[in-house]
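# An overview of the molecular structure
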Amino acid sequence: MTAPKVVIIGAGIVGANLADELTARGWADVTVLDQGPLPRTGGSTSHAPGLVFQTNASKSMTEFAKYTVSKLLELDCFLQVGGMEVATTPARWEDLKRKHGWATSWGVPGSIIDADECVDRWPLLDGSQVFGALHTPTDGLARAAKAVAVLADRATSRGARFIGSTKVTDVLQEGGRVTGVRTDQGDFPADIVVSCAGFWGREIGAMVGMDVPLLPLAHQYVKTGRVDELVGRNTEEVEASLPILRHQDQDLYFREHVDRIGIGSYAHRPMPVDESTLDPSVTETAMPSMLPFTEDDFAPSWEESKLLLPALRQTKVEEGFNGIFSFTPDGQSLVGESADVRGFWLAEAIWVTHSAGIAKAVAELLVDGHSEVDVHDIDVHRFEEVQLAPSYVHETAQQNFVEVYDILHPLQPKLSPRDLRVTPFHARQRELGAVFLEAGGWERPHWFEANAPLLKKLPHDALPPARDAWSAQFHSPIAAAEAWQTRNGVALYDMTPLKRVEISGSGSLDLLQSLNTNQLEKSVGSVTYTLMLDNTGGIRSDVTVARLGPELFQAGINGNIDVDHLVKHAPPGVRVRDITGGTCCIGVWGPLARDLVQPLSREDFSHTGLKYFRARRARIAGVPVVALRLSYVGELGWEIYTSADNGLRLWDALWAAGQPLGAIAAGRAAFNSLRLEKGYRLWGTDMTTEHDPYEAGVGFAVRPAKGNFLGREAIDGRSEETASRRLRCLTIDDGRTVVLGKEPVFVDGVASGYVTSAAYGYTIGRPIAYAWLPASADVGSGVEIEYFGRRVAATVAAEPLVDPGMERIRR
């Protein structure tokens, strides 16, 4: 098979890495174009300071950084001087312990060091200013410009072409596919076009009508004059030997430039840039990505720098610039293929730190159809439509710049913009004192203050212990009352924000059968939990499919990434329609759920009238609904769907009928606890494309006998018995420590896995955590979780923890 023609737009560190990765896989017909001269094109790579700190809250981003380090070392383009992140406040000192946990979870060597060792490793540092630091010996400095030249030479030796001073003016397309690019030097035919244009990515995306949610922002970088203490320490060939240094409490970082210090600052005001106003020409003294230095913005940072590094008092800032790079609404990169123009790909908003790793992932996606490292964190389709609005991108990208070094809680919501998407029940929820968090633009109740009086009515053993200060943030003990009421009475849950699509038309069943592991050729009214795999057997999503007609299905999915996947595979005649915004859903769950719903409907909601995992159309209080007999909290009940215009009427009817039964509204905090007690997985957190169904404990949803489906061949011969790792349920031995996820787990004293989801189990009276562990860590095994630097004992438990016989849910 002939390899396709590929045009890469942008010859910076990302484009050069991608050309190298593609040609290494046998795709030699690669042309890399850049509007600037080669090799110094004038983009962000040309001025990048090159600091590579690998540890990130995201496992995937850390993996990308680790690969970047290993590749640049191989190319002799990396100075592995190590990294130090200092703490000058008690809050940062604690946070570095948490970050050390991430490093341990993701396999980055590191240690927490005291102030004396900080000074030993960085003699210019004033040890009295710091509590200590996180030291990571494999971090260091990327020589980005040199790497680009080396990568270009290597890719060229395999057949690639690099062409500078060639501006792309249009992306050519026909019949919904790219056919090439038009430039000021002529046309270049292509089967695949990848935009690696950096902060010009928005302009390239617009050529195919694609909204690219990034914002160019200026970031200050200076070089001091000579520092006497550094004289004779380094050379022009090896310009640094001290660890790269972060002072995140003041939004600063430092590196050596022979006998000078380079300082980067995020402490200044956000400075958005309109890329269309930039002069793209490159000279010896100017380039489009380097704007004039605004000295007043840097003045406070210079004072803070001299406090931390007193040796700077003898020198001054000799040169500086405001360098442009890209920020996105969530601070992550943008990778993926256009939904409308096949063959057009993005690889944008990628820092030097992750450049080689993400380029490798893109090459794997193009050549193999699968990335070894999960990419859902950076998939361009992760955003909701409202999040693509220029005003939203402009505000949130600037906020991410401000918060880039802030200590952020995993549940911490945006303060603005808010109330972008609200469900039909929002007004009622506010009346009940809902505390809202935000996801995907949706306002989602986490708990309801109206339920606070219920805490006084709980049995003593149902009251949870007090939490530590970190896990107590964005939490309320009211969640215990809401969980108790769900298990013992009935509660209403707003499930509207969960993404759902309608698949209809001739061929709908065949489409779903080809993409899903479970048997969907069932009677109308069936509801099926199933998985969508990639071609290596990795779990790309878990899905609940309701068959509402012979060629009509409703699927509960995990987001826009799944919508793109379904649309991409849908044949002519099959329609995939996102119905989330036009519909709403109330989860009515608890042992009294039938007592609430049945009097409001003429249809039979008995156990035999609507069995578990069945669906039916009905009317509840006169409102037309679709009811699905299933439960993510492990109690009797239904997901009840109706159109958005009928939503408030449905809520009010259920609420009024439920008051004599003690019905309450309940939030996501209780929901998460209840689903963990039942062992229900959360895709993207508990399992991703890096895991197969048998490792993740969802092999029951695989039916190989049904025939062919995507990923079937890859998982043939696999089973729970052959899995070398498993997603395990843990209970915390001390009964009170609630971890939050991503903490390392030790087996026999050795770091062997990491926590995915965690919560307090209000029914069982103990904290719960799910974690990836070696398969040898079986039920009953003792393990330890590292939480802010201390070891917490836990035990592998049989799952589910509540109602293993499923009696409660099948009443």
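Just above sits the structure.
Residues numbered from 1 in each chain as written. Predicted model: local features only at pLDDT ≥ 70, side-chain atom pairs only at ≥ 80, totals over all residues. Heavy atoms only, no water.

### Notes on the overall build of the protein chain
Counting secondary structure elements, the protein chain contains 18 helices and 40 strands. Here the protein chain has a C-alpha radius of gyration of 28 Å; the compact-globule value for 811 residues is 28 Å, and the two agree. Across the 811 residues in the protein chain, those meeting the buried criterion constitute 59%. Total accessible area computed for the protein chain in this model is approximately 30000 Å², and 50% of it derives from carbon and sulfur atoms. One way to put it: in the protein chain the 79 positive side-chain charges average out to a point 6 Å from where the 103 negative ones average out. (Helix = DSSP H or I, 4+ residues; strand = E, 2+ residues; numbered from the N terminus. Rg over C-alpha atoms; globule rule 2.2 N^0.38 Å. Buried < 20%, exposed > 50% of the residue type's maximum accessible area, 1.4 Å probe, protein only. Areas by Shrake-Rupley, 256 points an atom, 1.4 Å probe, with all protein chains shown as cover. Lys, Arg positive; Asp, Glu negative; His and termini not counted. Charge placed at Lys NZ, Arg CZ, Asp CG, Glu CD.)

### Some words on unusual backbone geometry
A cis amide bond links Leu 38 with the next residue in sequence, Pro 39, at an omega value of 0°. Tracing the sequence through the fold places Pro 39 in the loop between strand S2 (30-33) and strand S3 (51-52). Not every positive phi belongs to a glycine, and Asp 76 is a case in point at roughly 60°. Tracing the chain through its elements places Asp 76 in the loop between helix H2 (59-74) and strand S4 (78-79). Although it is not a glycine, Met 806 sits at a positive phi angle of roughly 65°. According to the relative accessible area criterion, Met 806 is buried, its value standing at 18%.

### What to know about the packing of helix H12 (residues 508-515) against helix H13 (residues 560-569)
The geometry of a pair of packed helices is captured by two quantities: the angle between their axes and the separation between those axes. Across the interface, H12 lies against H13 with an axial gap of 10 Å and an inter-helix angle of 120°. In this view, H12 runs oblique relative to H13, as classed from their interaxial angle. Of the two possible hands of crossing, H12 and H13 adopt the one that is right-handed. Each of Leu 511, Leu 512 and Leu 515 in H12 lies in contact with H13, whose residues at this interface are His 565, Leu 566 and His 569. Residues of the contact of H12 with H13, tallied by class, amount to 4 nonpolar, 2 polar and no charged. (Axes fitted to C-alpha atoms, helices over the stretch in contact; angles between N-to-C directions. Parallel < 35°, antiparallel > 145°, perpendicular 65-115°, else oblique. Left-handed = near helix turned anticlockwise from the far one by under 90°. Contact = heavy atoms within 4.5 Å. Nonpolar A, V, L, I, M, F, W, Y, C, P; charged D, E, K, R; others polar.)

### A word on the packing of aromatic side chains
Within the structure shown, the criterion is met by 26 aromatic pairs. Both rings, one in Phe 325 and one in Phe 327, keep their centres 5.2 Å apart while their planes meet at 85°; by these two values the pair is edge-to-face. For Phe 325, a relative accessible area of 12% corresponds to the buried category. Residue Phe 327 is classed as buried on the basis of its relative accessible area, which comes to 5%. Seen from their ring centres, Tyr 760 and Tyr 762 are 5.3 Å apart, and the 50° between their planes marks the pair as tilted. According to the relative accessible area criterion, Tyr 762 is buried, its value standing at 8%. Aromatic rings pair up to connect Tyr 221, Tyr 253, Tyr 266, Phe 321, Phe 325, Phe 327, Trp 351, Phe 401 and Tyr 405 into one cluster. Above the face of the Tyr 67 ring, Lys 360 is positioned so that its terminal group lies 5.3 Å from the ring centre. The ring of Trp 772 is capped by Arg 725, whose NZ or CZ atom sits 5.4 Å from the centre of that ring. (Phe/Tyr/Trp six-rings, centres within 6.5 Å; stacked < 30°, edge-to-face > 60°. Lys NZ or Arg CZ within 6 Å of the ring centre and 35° of its normal.)

### Examining helix H1 (residues 13-24)
Helix length check: H1 (12 residues) gives 16 Å between terminal C-alpha atoms against 16 Å at 1.5 Å per residue, within 8%. Counted residue by residue, H1 has 11 buried out of 12 residues, so it is predominantly covered. Buried within H1 are the following residues: Ile 13, Val 14, Gly 15, Ala 16, Asn 17, Leu 18, Ala 19, Asp 20, Glu 21, Leu 22 and Thr 23. Gly 26, located one to two residues past H1, shows a positive phi value of around 95°. (Expected span 1.5 Å × (residues − 1).)

### Focus: the sheet that holds strand S27 (residues 539-549)
Pairing is antiparallel across the open sheet formed by 5 strands, whose spatial order is S26-S27-S28-S25-S29. At either margin of the open sheet sits one strand with a lone partner, and together these are strand S26 (527-533) and strand S29 (575-578). The mean inter-strand angle of the sheet, taken between neighbouring strand axes irrespective of direction, is 30°. In this structure, strand S25 (residues 500-504) lies alongside strand S28 (residues 552-556), joined through 5 bridges in antiparallel fashion. Following the sheet pairing, Glu 502 is matched in S28 by Gln 554. Packing of H12 onto the sheet brings it into contact with S25, S26, S27, S28 and S29, and relative to S25 it is tilted by some 125°. Strands in contact with H13 are S25, S26, S27 and S29; relative to S27, the strand with the most contacts, it is inclined by about 70°. (Pairing = 2+ DSSP bridges.)

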